[in-house]
Amino acid sequence: MARLRERLSRSNTALGKALLALLAGGKLDDEAWEEVEDTLLQADLGVEATTEVVDSLKTRVQVAGVVDEDEVRGWLHEELLKQVNPTMDRRIAASRVDGRPAVVLVVGVNGTGKTTTVGKLARVLVAEDKDVVLGAADTFRAAAADQLETWGARVGVPTVRSDREGADPAAVAFDAVKGGAESEADVVLIDTAGRLHNKSNLMDELGKIKRVIEKQSPIDEVLLVLDATTGQNGLRQAEVFAEAVDVTGIVLTKLDGTAKGGIVVAVQRQLGVPVKLVGLGEGPDDLAPFDPAAFVDAVLD
Ligand code: GDP
């Protein structure tokens with residue numbers, strides 16, 4: 001988690017500094033509170049969460065009478081942590097259950113970092129001594145399967161794929177789950193395509209993948225990959241996916257490239273599911289479990 005702090009603080013300090021400067025300015029008039037509000041909104045915290053944080057802080061400041069910088073910092077930390085919801089269960093289902101591999105479906109719009117996330121997650125799981133099988137169910141682009149296979153080779157795990165561009169993604173997903181069961185793997189990670197230009201196609205395709213996998217095995221985890229830099233647009237995309245499949249966790253990628261870390265709060269609130277992993281760069285080691293306290297520390301550093 002030290003790395004989460006280091007990576008985030010580089011881009012996110014602006015938020016913490018701006019907020020603390022405002023709050024510690026001593027003159028907490030309406031204008032100052034509005035600026036605090038704007039700063040939180042600019043960080044993509046969302047309207048509801050921003051209103052709650054500001055209302056709570058106002059009350060605490062009023063009750064205390066005098067404003068001490070350290071005290072305000074502590075309050076801000078507490079209020080933001082509350083918004084990040086530290087009690088949510090953020091474990092990933094990646095161990096055998098009932099004598100079969102766990103099945104993890106990874107969904108999201110193309111370009112958000114899905115394939116990269118599958119590769120990085122495989123690496124994390126292999127480091128935990130897990131047997132992993134990858135499924136390249138993004139058959140729309142042949143290059144996607146190649147990209148996943150490259151990750152597989154790098155990490156040392158097999159990739160189930162089709163050589164035919166446009167092959168049935170549900171069939172590839174089915175084969176991956178079958179392959180995982182036969183080799184007694186711990187977990188099967190399935191990459192999918194995410195073409196959003198045609199919402200009903202996307203829903204049909206994901207729905208079919210889900211149905212076909214479930215003929216063979218329950219799906220234990222559906223991870224939705226969202227690009228943190230896409231803000232409100234990303235939230236709208238998230239809703240479309242949540243309609244198509246039961247999302248159980250969110251992976252927020254590219255947090256290294258944005259000062260809009262507040263999106264963590266907004267997306268959890270909107271979907272009611274936890275952010276489980278965060279992407280902090282393009283390299284193989286740049287995926288971390290999401291740690292709420294470290295995250296808030298990084299934002300306020
Ligand atoms: P997909 O189309 O959703 O499978 O997306 P890819 O996995 O191909 O990733 C798209 C681009 O985003 C690639 O250039 C990745 O290296 C990059 N990327 C993925 N995750 C991260 C991240 O956490 N941080 C940064 N900076 N780049 C990322």
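Small disclaimer: the values here were computed from a predicted structure and weren't measured.

Undergrad: Quick question: what am I supposed to make of empty space enclosed by the protein here?
TA: Here the idea is plain: a probe the size of a water molecule rolls over the atoms and shows the empty space left. Evaluated as defined, the whole model comprises 3 cavities of 30 Å³ or more. Taken as a whole, the largest cavity holds about 100 Å³ of empty space. In this structure, the largest cavity is lined by 13 residues; those nearest its centre are L45, L80, G262, F295 and V299. Partitioned by chemical class, the residues of the lining of the largest cavity number 10 nonpolar, 3 polar and no charged.

Undergrad: How should the environment of A293 be read in this particular structure?
TA: One can find A293 in helix α11 (residues 292-300). Sequence separation between A293 and L81 is 212 residues; the distance between their C-alpha atoms is 6.5 Å.

Undergrad: Could you clarify how one ought to interpret the nonpolar core in this entry?
TA: Soluble globular proteins tend to pack their nonpolar side chains together in the buried interior. I190, I213 and L252 are the most contacted members of the largest nonpolar core, which has 68 residues in total. Once residues lying within four places of it in the same chain are set aside, the contact partners of L252 are L226, A228, I263, V264, V275, L277, V278 and G279.

Undergrad: Which parts of the structure should I look at to understand the packing of helix α7 (residues 169-182) against helix α8 (residues 199-214)?
TA: Geometrically, a packed helix pair is captured by the angle between its two axes and the distance between the axes. Put simply, α7 and α8 touch, their axes get as near as 8 Å, and they point 30° apart. What the angle tells us is that α7 and α8 run roughly parallel. Crossing angle aside, the handedness with which α7 passes α8 is right-handed. Together, P169, A170, A173, F174 and V177 of α7 and E205, K208, I209, V212 and I213 of α8 make up the contact between the two elements. Looking at side-chain class alone, the contact of α7 with α8 contains 8 nonpolar, no polar and 2 charged residues.

Undergrad: Just checking my understanding: could you explain a negative patch on the surface for this structure?
TA: Where like charges cluster on the molecular surface, the negative patch consists of D29, D30, E31, E34, E35 and D38. Following the sequence through the fold, E34 ends up in helix α2 (residues 30-42).

Undergrad: Would you explain the UniProt feature "domain: SRP54-type proteins GTP-binding" (unreviewed entry) in the protein in this entry?
TA: Annotation from UniProt places "domain: SRP54-type proteins GTP-binding" (unreviewed entry) at residues 274-287. In the segment residues 274-287, helix accounts for 0% and strand for 43%; the C-alpha atoms at its two ends are 16 Å apart.

Undergrad: Is there a simple way to explain the pattern of salt bridges in this structure?
TA: Side chains that differ in charge, positive against negative, can pair when their charged atoms come close. In the structure shown here, the tally under the stated rule is 18 salt bridges. With a shortest N-O distance of 3.2 Å, E48 and R269 are connected by a salt bridge. Here E48, found in helix α3 (residues 47-64), pairs with R269, found in helix α10 (residues 263-271); they are 221 residues apart in sequence, far enough to count as distant. E79 is paired through a salt bridge with K82; the nearest N and O atoms lie 3.3 Å apart. With E79 and K82 both in helix α4 (residues 69-84) and 3 residues apart, the pair spans about one turn of that helix. With relative accessibility at 4%, the residue E79 sits in the buried group.

Undergrad: Would you mind showing me how to read the layout of surface pockets here?
TA: Quantified by volume, the largest pocket comes out at close to 280 Å³. Surrounding the largest pocket, 19 residues form its lining, G111, T112, G113, T116 and K254 being those nearest its centre. Counting residues per element, the lining of the largest pocket draws most heavily on helix α5 (residues 114-127), which supplies 5 residues. Along the lines of polarity and charge, the residues of the lining of the largest pocket split into 1 nonpolar, 11 polar and 7 charged. As a volume, the second largest pocket reaches approximately 220 Å³. Contributing elements (two or more residues each) for the lining of the second largest pocket: α5, β7 (275-279) and β8 (287-289).

Undergrad: Hey, could you run me through unusual backbone geometry in this one?
TA: Peptide bonds are, in most cases, trans, and in most cases residues other than glycine have a negative phi. The phi angle at D44 is positive, at roughly 70°, despite the residue not being glycine. Here D44 shows up in the loop between α2 and α3. Overall, the relative accessible area of 7% leaves D44 in the buried class. Even without a glycine there, the phi angle at K254 is positive, about 60°. When you line up the elements, K254 lands in the loop between β6 (249-253) and α10. Residue classification places K254 among the partly exposed positions, given a relative accessible area of 33%.

Conventions we followed
Residues numbered from 1 in each chain as written. Predicted model: local features only at pLDDT ≥ 70, side-chain atom pairs only at ≥ 80, totals over all residues. Heavy atoms only, no water. 1 Å grid on protein atoms, 1.4 Å probe; cavity = no way out; pocket = protein on both sides within 12 Å on 5 of 7 lines; lining within 4 Å. Points joined across faces, edges and corners; volume = space filled by probe spheres on them. Nonpolar A, V, L, I, M, F, W, Y, C, P; charged D, E, K, R; others polar. Helix = DSSP H or I, 4+ residues; strand = E, 2+ residues; numbered from the N terminus. Core = buried A, V, L, I, M, F, W, Y, C linked by side-chain atoms within 4.5 Å. Buried < 20%, exposed > 50% of the residue type's maximum accessible area, 1.4 Å probe, protein only. Contact = heavy atoms within 4.5 Å. Axes fitted to C-alpha atoms, helices over the stretch in contact; angles between N-to-C directions. Parallel < 35°, antiparallel > 145°, perpendicular 65-115°, else oblique. Left-handed = near helix turned anticlockwise from the far one by under 90°. Patch = residues over 30% accessible without salt bridge, like charges linked within 9 Å, V, L, I, M, F, W, Y side chains within 5 Å. Areas by Shrake-Rupley, 256 points an atom, 1.4 Å probe, with all protein chains shown as cover. Salt bridge = Lys/Arg side-chain N within 4 Å of Asp/Glu carboxyl O. Lys, Arg positive; Asp, Glu negative; His and termini not counted. Charge placed at Lys NZ, Arg CZ, Asp CG, Glu CD. UniProt positions renumbered as here; feature names shortened; annotations may be inferred.

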